[in-house]
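Letter by letter, the chains look like this.
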Amino acid sequence: MKKGDHLFLVDGSGFIFRAFHALPPLTRKSDGLPVGAVSGFCNMLWKLLTNARDTSVGVTPTHFAVIFDYSSKTFRKELYPDYKANRSAPPEELVPQFGLIRQATRAFNLPCIETDGFEADDIIATYARAAEAIGADVTIISSDKDLMQLVTPNVHMYDSMKDKQIGIPDVIEKWGVPPEKMIDLQAMVGDSVDNVPGIPGIGPKTAAQLLEEFGDLDTLLARASEIKQVKRRENIVANADLARLSRQLVALRTDVPLELGLDALVLEKQDGPKLVAFLKAMEFGSLTRRVADACDCDAGAIDPATVTVEWGAEARGPDLDPGAGDAQAVDPAPSGPVADARPSASEKAEGARAADLASARHEAFMGKPIDRAGYVTIRDVATLKSWVAAARETGLVAFDTETTSLDPMQADLVGVSLAVQDNAASPAAGPIRAAYLPLGHKAGGDDLFSDGVKLVEGQVPMAEALALLKDLLEDPSVLKVAQNLKYDYLVMKRHGITMVGFDDTMLISYVLEAGVGAHGMDTLSERWLGHTPIAYKDVAGSGKSAVTFDRVDIDKATAYAAEDADVTLRLWLVLKPRLAAEGLTRVYERLERPLVPVLAHMEERGITIDRQILSRLSGELAQKAASFEDEIYALAGERFNIGSPKQLGDILFGKMGLPGGSKTKTGQWSTSAQVLEDLAAQGIELPRKIVDWRQLTKLKSTYTDALPSYVHPETKRVHTSYSLASTSTGRLSSSEPNLQNIPVRNAEGRKIRTAFIATPGHKLLSADYSQIELRVLAHVADIPQLRQAFADGIDIHAMTASEMFGVPVEGMPSEVRRRAKAINFGIIYGISAFGLANQLGIERSEAGDYIKKYFERFPGIRDYMENTKAFAREHGYVETIFGRRAHYPEIKSSNPSVRAFNERAAINAPIQGSAADIIRRAMVQVEPALARMGLSERVRMLLQVHDELIFEVEDEAIEAAMPVIVSTMEHAAMPALSMRVPLKVDARAAHNWDEAH
DNA sequence: ACGTACACCTA
DNA sequence: GTAGGTGTACGTC
């Protein structure tokens, strides 16, 4: 390199983050792999390499390099362990793109540079200064403020997205100081993203003003006594050391050992075919054409390159360094699985540290008495401010709301409790302090002579308290910890506060121990702290004498409420490190925690039901049921309670002397639909009428009568509640009302679905996964015939029948297909000859033959089942494809039927649970995907029914929304892993749920 | 008032 | 054969 040369240095790691935020539409490869940032990167490189002169850089490079971060372990981390401590894992779709951008760089024949222990910025700084010393010019392709300290008359920066060059005047305009003072400015201001402390209370404006006055940081610190403003002076004096440390963190090193000298960065000629091969593999059509034209090569004659995608470590494992994932070649056709459970050495070390911390904390808290006498009642604004300040200081606060209702859509806020631990991060952590902030406690109005209901004296005014809490709860840098956060999230949302930055102890417990007991606070407190919290009914009473929480005496309320926050914080301290220790951080962060706001918003939106339709149906059902009742009484010869299985049994099997089928576990004759159908088949009239009557009364009581009672008085919609932590497999459950079991299987029941309607000007859009569990099975068990059938879009049950019975798919009798279908379902459920025989109404021996035949045809399924059982016996749990665990502590039971039941459940859980994980991922991804298309305001996700998502969509937005929803759902496993089987989603929009489904 | 059994709705 | 929730009847407290 010589004077007059021009070196281009691209901040590769920085580009990917900016590209992610700057390039709105999500670009995917045809297999679903997100490649938007790679695309932006390639286009940018091509432009700079071919016509940099026409951009605002205005010169052609002679030397060129792309620089990357190597790992998060740098000298800065040594210097200050909290450096970048707040940084969370990168957005999932970026992870595989880090590696792809390195490969892109090589395809462009450009040096790709990274150095252990240093950030990309330090390498850039070292090259820039070295080139400058020779007399060359430098352009740094980045707009990161951290690099602005490098700008000189010979070193410029270039914001490729805005096509804007950044020189000395631009830095001064933006920050108020010249580049050489940027280090001091950043040292004072700090950086909350990188967790550089800086001087509290000093922002960019103040820092610039101080630097103007004093010249530099050292002078400022030496002459700090001259500062007039008292508060500012004290602040700077007190934090002088922090400022010096911060300066070390923000100052870029210019002495990084360079493997490649400047001369090695000389710009080489492009290798056209190599670049075209890479671009083809990425499916960047227009860029491929442009490059092929320019290089004069025939794109059609070049095979796509084999591209290595690093993504395995993303699916599971406690932590991730970009580029440290397990690699797997996936091109041209992707073939999973790519997830590998084996943690890397650094992950193991981190897991071990976390395990030590978890057990130390468990030991410290287990059985330790909780001092309720120390709880504080916050009765004035000053005290509240001091608690908010304490939360900010430590960056961690346990949070709980007290309200008037268990239903967050109906609940009025009565009070808030907080708990903090000073010095939580150090081994000598301080004691936990907890407080209750009463806001809506009331008294009076309970007899005719009182002057009505009044707020109790000595409470902070609601509006003032909410304003203070809003700043805290919406600040992502303060971690809020709650138990069953979705509840508190909704209550606060209804008070205008959208919580950001949170953890949920219930969900952490669920990820650690799904299948082991419940995850309510009282249970967890017993299990992990050896402590029984005050019972709710002991403060609010129970039954007829129960009062709402706003009528509870404030002192009693303080003991109860503050304890909840106290216990929550203790649980978090004990449980959170266990996630990393068990390698479950990713499951929690990707599949669990992000669903809290998603579900809260769905619950908040609710869905409209047409009460007229339901009341008309209810009348019809009542009439029909009444006429059945007359007939039933006539046939029975007496009136009795048809709804009582006991009385019905007496009539059928006692009085009428019919042959009883099976018995229930309490020894009574069963009157199940199965038994009654069997009797009806023998030509007996009564049982058929009972079955029909039951169907009608079931529809009436559970649906047409009950649903209207759930219509919210203000929103006029029905708001279900989803439980994130009540299944062992990872499925959600829905209650009050349960909208996951609305009838669909027969015409009479489906009428109920016509009552679920869209708002005027909108439609309901239903999108459901086709055969998702069988596809998951084909993936995990890797069954060639199943994979092929799904790849070809063949009828899977017909294929199974054809394989088993040797019947051609064309013209197959429906009975043959029906049997195969039952077997396929049976497989998913952990098949038994007993169950299959029951389902098909055949002999157990015949069912056993079917199963044997099936396993002969699909030996991989038998292997999968045996391996799963062995895994469950060894570990006590099984895993989904994303690493979620379902525990089966009774899998080794000496009771054969208990054992067999647990084995079937263990076989089912990875299949059901993986499907549940996929739709969870889809739910997390779909709203951002819609937002990128500008559809946020026009499309609202309302319901989830295990393999189906229901949206309410503006009429004019349906066409745009449908492909976004379908594509997001079909590619929801990406980029965590690539499925061996395509996922298929069917979608339809209509005015009501029946027609949309 | 609360818990359990039974039956039946969904994926 | 898996995973859930709800309504009614009927027992116990």
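The structure this text deals with has already been given above.
Let me begin by describing the structure that accompanies this report. (Residues numbered from 1 in each chain as written. Chains lettered and ligands numbered in written order. Predicted model: local features only at pLDDT ≥ 70, side-chain atom pairs only at ≥ 80, totals over all residues. Heavy atoms only, no water.)

1. Details of the protein's contact with DNA strand B
Here comes step 1: Thr664, Thr666, Thr671, Val744 and Arg745 are the nearest of the 22 residues found near DNA strand B.
Here comes step 2: Per the 4 Å cut-off to the protein, sugar and phosphate atoms form 82% of the nearby atoms of DNA strand B.
Here comes step 3: One of the backbone nitrogen or oxygen atoms of Val744 is found 2.7 Å away from a phosphate oxygen of DNA strand B.
Here comes step 4: At 2.9 Å, a side-chain N or O of Asp947 approaches a sugar or linking oxygen of DNA strand B.
Here comes step 5: Take the surface near DNA strand B: its biggest share by element is four residues, from helix α28 (residues 685–704).
Here comes step 6: Of the residues belonging to the surface near DNA strand B, the class tally is seven nonpolar, nine polar and six charged. (Near = heavy atom within 4 Å. Polar contact = N/O pair within 3.5 Å; in protein donor to acceptor, adjacent residues only side chain to side chain. Helix = DSSP H or I, 4+ residues; strand = E, 2+ residues; numbered from the N terminus. Nonpolar A, V, L, I, M, F, W, Y, C, P; charged D, E, K, R; others polar.)

2. Considerations on the protein's contact with DNA strand C
Here comes step 1: Around DNA strand C sit 33 residues in total, of which Ser644, Glu736, Asn738, Ala822 and Phe834 are the nearest.
Here comes step 2: When atoms of DNA strand C within 4 Å of the protein are sorted by moiety, sugar and phosphate together comprise 74%.
Here comes step 3: The separation between a base nitrogen of DNA strand C and a polar side-chain atom of Arg731 is 3.5 Å.
Here comes step 4: One nitrogen or oxygen atom from the main chain of Glu736 is found 2.7 Å from a phosphate oxygen belonging to DNA strand C.
Here comes step 5: When residues of the surface near DNA strand C are traced back to their parent elements, those giving at least two are α28, β19 (733–735), α33 (814–828), α34 (833–840) and α37 (896–932).
Here comes step 6: At five residues, the largest contribution of residues to the surface near DNA strand C is made by α37.
Here comes step 7: By residue class, the composition of the surface near DNA strand C is eight nonpolar, 21 polar and four charged.

3. Side note on the pattern of salt bridges
Here comes step 1: A full pass over the atoms with the stated rule returns 58 salt bridges.
Here comes step 2: For the salt bridge of Arg921 with Glu92, the shortest nitrogen-to-oxygen distance reads 2.7 Å. Taken together, the residues Arg921 in helix α37 and Glu92 in the loop between α3 (75–79) and α4 (95–107) connect sequence positions 829 residues apart. For the pair Arg921 and Glu92, a shared accessibility class is recorded, and that class is buried. (Salt bridge = Lys/Arg side-chain N within 4 Å of Asp/Glu carboxyl O. Buried < 20%, exposed > 50% of the residue type's maximum accessible area, 1.4 Å probe, protein only.)

4. A look at empty space enclosed by the protein
Here comes step 1: Applying the stated criterion to the full structure yields four cavities of 30 Å³ or more.
Here comes step 2: Estimates place the volume of the largest cavity at around 120 Å³.
Here comes step 3: In terms of lining residues, the largest cavity is bounded by 15 residues, among which Tyr83, Asp146, Asp194, Leu249 and Val250 are the most central.
Here comes step 4: For the lining of the largest cavity, the elements supplying multiple residues, two or more each, are α5 (120–134) and α11 (240–250).
Here comes step 5: Looking at the lining of the largest cavity residue by residue, the class counts come to five nonpolar, two polar and eight charged. (1 Å grid on protein atoms, 1.4 Å probe; cavity = no way out; pocket = protein on both sides within 12 Å on 5 of 7 lines; lining within 4 Å. Points joined across faces, edges and corners; volume = space filled by probe spheres on them.)

5. Section: unusual backbone geometry
Here comes step 1: Look at the link from Glu736 to Pro737: it is a cis peptide, with omega at -5 degrees.
Here comes step 2: By the secondary structure assignment, Pro737 is in the loop between β19 and α29 (747–753).
Here comes step 3: Met974 connects to Pro975 through a cis peptide bond whose omega is -5 degrees.
Here comes step 4: Checked against the element boundaries, Pro975 lands in the loop between α38 (958–970) and β26 (985–990).
Here comes step 5: Even without being a glycine, Asn109 presents a positive backbone phi close to 65 degrees.
Here comes step 6: Secondary-structure assignment places Asn109 in the loop between α4 and β3 (112–113).
Here comes step 7: Among the residues examined, Asn109 registers a relative accessible area of 27% and is labelled partly exposed.

6. Observations concerning the packing of aromatic side chains
Between two aromatic rings, the relevant description is the distance of the centres plus the angle of the planes.
Here comes step 1: Under the criterion given, the structure shown has 17 aromatic pairs.
Here comes step 2: A ring pair is formed by Tyr536 and Phe549, whose centres lie 6.3 Å apart and whose planes are at 20 degrees; its orientation type is stacked. You can see Tyr536 sitting in helix α21 (residues 536–540) and its partner Phe549 sitting in the loop between α21 and α22 (554–582), a full 13 residues away along the chain.
Here comes step 3: Measuring from ring centre to ring centre gives 6.1 Å for Tyr633 and Phe640, while their planes differ by 75 degrees; the resulting arrangement is edge-to-face.
Here comes step 4: The class for Phe640 is buried, based on a relative accessible area of 9%.
Here comes step 5: Taking NZ or CZ as reference, Lys663 lies 4.6 Å from the ring centre of Trp669, over its face. (Phe/Tyr/Trp six-rings, centres within 6.5 Å; stacked < 30°, edge-to-face > 60°. Lys NZ or Arg CZ within 6 Å of the ring centre and 35° of its normal.)

7. A word on α28
Here comes step 1: Its 20 residues place the ends of α28 28 Å apart at the C-alpha level, agreeing with the 28 Å of an ideal helix rising 1.5 Å per residue.
Here comes step 2: Residues of α28 that are buried make contact with α25 (611–636), α26 (645–655), α27 (673–681) and α29. (Expected span 1.5 Å × (residues − 1). Contact = heavy atoms within 4.5 Å.)

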